[in-house]
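# Examination of the molecular architecture
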Amino acid sequence: MDSNNLSANLTKIASTFAGKSSIATLASVVFSSTGFQDWLKLFLVGGVFEACRRTALRAWRRAFDSFWITVDFEEGDDSYDWMMVWLSQHPARANARKIAASTSAFGLVSPMDSYGNPKSTSRKVRFLAAYDYSLAFWHKRRYIRVVRSKAEGLNFHSMQSLNLSILGGTQKVVQEILEEARDCWERTKGEQISVYAADTRNDWRLLTTRPKRPLASIILDAGVKEAVLEDALDFLDSKEWYSERGIPFRRGYLLYGAPGSGKTSLIQSIAGELNLDVYVISLSRAGLDDNSLQELISDLPEQCIALMEDIDVAFHRTLSRDLPVEGEEPTKKPVADPERSSKVSLSGLLNALDGVGAQEGRLLFATTNRYEALDLALRRPGRMDVHVEFTLASKYQVGQLFERFYLPTPRASSAQRSSSSDTAAQIGEDDDIKTSDSGYGTPAEAETEKLIDVPQPSDIQDQSLAAVSRRRKRNIKISLEKLDILVEEFRELIPEREFSMAALQGYLLLHKNQPHRAVKCAGKWVEEEMAKRESRKSPEKENQ
Ligand SMILES: Nc1ncnc2c1ncn2[C@@H]1O[C@H](COP(=O)(O)OP(=O)(O)OP(=O)(O)O)[C@@H](O)[C@H]1O
């Protein structure tokens, strides 16, 4: 367009406006402009070109995507943890050029040693592909692409996710990879049990993993723990038997009795023996009501242990129709804040336990210290089929606890044998202690008797960290025969059914490496504990 033409057009437009002519005249002027026509042509051609380009790209993407299957995993879901552990162990991870170090446990906790400390002193560091980095690798002849990403969630909480694409994959392939990842996670978890709890949205979430507790470490009167385990095993094997007879396939165990007598420990141990995960149902959780409890119970997996601890406490106000409990002042009971406490009612709980929505195949374990406070409907067979009483420690339990406490671990024992000469040399350095605490074996005895490790009780007054650590390391020997004698002495000193196993364990922990001292001080400890008990009772009597 030449400049004369443009100025003529502009003059025309100006005069048109000046003369207030119609819009049609204005449009005809604009459209008759050659510049505008050129611009319009360019716009149309460009538009068609862009539309073709986008269609072609979309078609290409669709064709390309049809060869891939893509799965998203979100943080907080078990499958995310499985995939992260699997990827962190996959050889392809080594090829990533952009990596991130992470100490996240992905639901795994280091195994504990016999003192309850994590076996590794530091948290395990895993190397993962960095965020937004596309890691591509071959796995079992399949080409896989993985992208980790992080997005801002609510309350500045970032949500991580994992996007996995498999070339030429199908849902079956995804399922296979997921199972492989779960097996890898299980293997890494090792001898541990998984503990789940409900989150604020009432979904089950992995809370932690716990080392399996050997059944042998639970000391109850003869045959009790074996009977519970056998009953649970028999139940898990009897699905058909139950369905043939139309009996709901559920079993409830009510463990009741003295605090610190091993109820929770037995459940943990049985979960390990049966290889079942534990789902903790906290009835006193704020905001829990009948509906959410029902939802939680119906969402339990088919085979698991559902655990309700202190079932009486959650319903102190509402559950028992028999309150007040004998010997208790009703007015002294704390009144729960209705906003903060659970709103579960007794009928809500009963329905959740055996209503139509109740999960089949689960083992329910409930614990209480106040058996009599529980409503009969809750205790009845069908809801709680097996009732196990836990009492204060019997003489048998006292002896077993002492023996187990000072028996060596198999590893320590063999290491001890291989280094017996070194140890004998150490013993020689502390002759005074050896003579004053005459139960310890001599090097000569060490050769003839079956020996166990017991660190030396020297420098007992010195409680500095260095001294404690030195004491832990310095081992001397005690013969099994001498241990038997100490067991007997200890049994004699502890009165029957007066102390809980937890209390006795606490006492022995004060003398962790000193069995002789534990026996020597036991009588005094019993006296002191009894006196404390009396003094606690007397103000109560005065108040009455
Ligand atoms: N019978 C037992 N055998 C071995 N250890 C025991 C036994 N009873 C208690 N303990 C020890 O005492 C501690 C507390 O035990 P646990 O929590 O199992 O008791 P509990 O009966 O569930 O107590 P509570 O009723 O107060 O919840 C644990 O460390 C456990 O090792």
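Residues numbered from 1 in each chain as written. Predicted model: local features only at pLDDT ≥ 70, side-chain atom pairs only at ≥ 80, totals over all residues. Heavy atoms only, no water.

## Regarding the site of the ligand
Here is the rule: We call a residue near a molecule or strand whenever a single non-hydrogen atom of that residue lies within 4 Å of it. Any pair of N or O atoms that falls within 3.5 Å is considered a polar contact. Within protein, one atom must be able to donate a hydrogen and the other to accept it, and sequence-neighbouring residues count only if both atoms are side-chain atoms. For the accessible areas, the method is Shrake-Rupley and the probe is 1.4 Å, while residue cover comes only from the protein chains on display. For helices the rule is a DSSP run of H or I covering at least 4 residues; for strands it is a run of E covering at least 2, with both sets numbered from the N terminus onward.
Neighbouring the ligand are 17 residues; Ile-219, Gly-260, Lys-263, Thr-264 and Ser-265 lie closest to it. Between the ligand and the protein, one listed contact pairs a nitrogen atom with a backbone N or O atom of Gly-262 at 3.0 Å. A distance of 3.0 Å separates an oxygen atom of the ligand from a polar side-chain atom of Gln-505. Look at the ligand: alone it shows 620 Å² of surface, and the protein chains cover 79% of it. Of all the secondary structure elements, the ones that give two or more residues to the shell around the ligand are helix H8 (263-274) and helix H20 (501-510).

## A closer look at helix H6 (residues 224-236)
In plain terms, the rule: Each residue after the first adds 1.5 Å to the expected span of a helix. Buried residues are those whose accessible area, probed at 1.4 Å on protein chains only, stays under 20% of the maximum for their type, while exposed residues exceed 50% and partly exposed ones sit between those limits. As used here, the arc is the angular range of directions from the helix axis to the C-beta atoms.
Between its terminal C-alpha atoms H6 stretches 19 Å, which fits the 18 Å expected from 13 residues at 1.5 Å a residue. Where H6 is concerned, the buried positions are Lys-225, Val-228, Leu-229, Ala-232, Phe-235 and Leu-236. Around the axis of H6, the buried residues are gathered within 125° of arc, so they sit on the same side.

## Observations regarding the sheet that holds strand S11 (residues 305-308)
Applicable threshold: Here the rule is simple: two strands pair whenever DSSP picks up at least two bridges between them. Lines fitted to C-alpha atoms define the axes here, with helix axes fitted over just the stretch in contact, and angles between the N-to-C directions of these axes take values from 0 to 180 degrees. The contact rule is simple, with two residues in contact once any of their heavy atoms fall within 4.5 Å.
Taken together, seven strands build an open sheet; the order of strands is S8-S7-S10-S11-S12-S9-S13 and the sheet is mixed. The open sheet terminates on both sides in strands that have one partner only, identified here as strand S8 (204-211) and strand S13 (386-390). Pairs of neighbouring strands in the sheet enclose a mean axial angle of 25°, with direction left out of account. Direction of pairing for strand S9 (residues 251-257) relative to strand S12 (residues 363-368): parallel, over a ladder of six bridges. Its bridge partner being in S12, Arg-251 is matched across the sheet by Leu-363. The strands that H6 touches are S9, S12 and S13; relative to S9, the one it contacts most, it runs at about 165°.

## Observations concerning the nonpolar core
What counts is decided by this rule: Among buried residues, those of type Ala, Val, Leu, Ile, Met, Phe, Trp, Tyr and Cys that are joined through side-chain atoms within 4.5 Å constitute a nonpolar core. What fixes the domain bounds is an automatic or database domain assignment.
Membership of the largest hydrophobic core comes to 59 residues, with the highest contact counts inside it found for Met-83, Leu-164, Leu-293, Met-308, Ile-311 and Leu-349. Mapping this core onto the domain boundaries places at least three of its residues in each of domain 2 (68-190) and domain 3 (206-389).

## A look at the sheet that holds strand S6 (residues 158-167)
Here four strands make up an open sheet; going across it, the order is S1-S6-S5-S4 and the pairing antiparallel. Sheet topology places strand S1 (68-74) and strand S4 (134-139) at the edges, where each strand pairs with a single neighbour. The sheet shows a mean angle of 20° between the axes of neighbouring strands, direction not considered. The pairing of strand S5 (residues 142-152) with S6 spans nine bridges and is classified as antiparallel. The partner of Ser-149 across the bridge, within S6, is Ser-161.

## Let's talk about the packing of helix H13 (residues 395-406) against helix H19 (residues 480-493)
Rules: An angle below 35 degrees is read as roughly parallel, one above 145 as roughly antiparallel, one from 65 to 115 as roughly perpendicular, and any other as oblique. Crossing handedness is defined as follows: a turn of the near helix away from the far one that is anticlockwise and smaller than a right angle gives a left-handed crossing, while the clockwise case is right-handed. Charged means Asp, Glu, Lys or Arg here, nonpolar means Ala, Val, Leu, Ile, Met, Phe, Trp, Tyr, Cys or Pro, and polar covers whatever is left, Gly included.
Remark: H13 packs on H19, axes separated minimally by 9 Å, with the N-to-C direction vectors making an angle of 140°. Taken together, the axes of H13 and H19 are oblique relative to one another. Pair H13 / H19 crosses with right-handed handedness. Counted together, Lys-395, Tyr-396, Val-398, Gly-399, Phe-402, Glu-403 and Tyr-406 of H13 and Leu-483, Asp-484, Leu-486, Val-487, Phe-490, Arg-491 and Glu-492 of H19 form the full contact between these two elements. Each residue belonging to the contact of H13 with H19 can be placed in one class, and the counts come to eight nonpolar, one polar and five charged.

## Concerning the packing of aromatic side chains
A ring pair, where both rings are aromatic, is described by two values, the distance of the centres and the angle of the planes. In plain terms, the rule: Centres within 6.5 Å make a pair out of two Phe, Tyr or Trp rings, where for Trp the six-membered ring is used; the pair is then stacked when the planes are under 30 degrees apart, edge-to-face when over 60, and tilted otherwise. Remark: a charge is flagged as sitting over a ring if the NZ atom of Lys or the CZ atom of Arg is within 6 Å of the ring centre and within 35 degrees of the ring normal.
The tally for this structure, following the rule as stated, stands at 18 aromatic pairs. Here the aromatic cluster, defined as three or more aromatic residues joined through ring pairs, consists of Phe-402, Phe-405, Tyr-406, Phe-490, Phe-499, Tyr-507 and Trp-525. Sitting over the ring of Trp-82, Arg-182 keeps its end group 5.9 Å from the ring centre.

## Overview of the confidence of the model for the chain
Reading predicted coordinates in detail is not appropriate for stretches of low pLDDT. For clarity, the cut-off: Values of pLDDT, ranging from 0 to 100, describe the predictor's confidence in every residue of the model.
Confidence along the chain averages 77 in pLDDT terms, with 71% of residues attaining 70 or more. For the stretch residues 318-336, pLDDT sits under 50, and the model shows 25 contacts to residues farther than four places along the chain or on other chains. Ignoring residues within four places in sequence, the model shows residues 410-460, a span with pLDDT below 50, making 99 contacts including any to other chains. Interface confidence in the predicted complex, given as ipTM, is 0.98; pTM for the same model is 0.67.

## Focus on the packing of H6 against H8
Any two packed helices are characterised by how steeply their axes cross, that is the angle between the axes, and by the distance between the axes. Direction vectors running N to C along H6 and H8 enclose 45°, while the axes themselves pass 11 Å from each other. Taken together, the axes of H6 and H8 lie oblique to each other. The crossing of H6 and H8 is right-handed. Contacts between H6 and H8 involve Lys-225, Val-228, Leu-229, Ala-232, Leu-233 and Leu-236 on the former and, on the latter, Leu-266, Ile-270, Glu-273 and Leu-274. Of the residues assigned to the contact of H6 with H8, the class counts are eight nonpolar, no polar and two charged.

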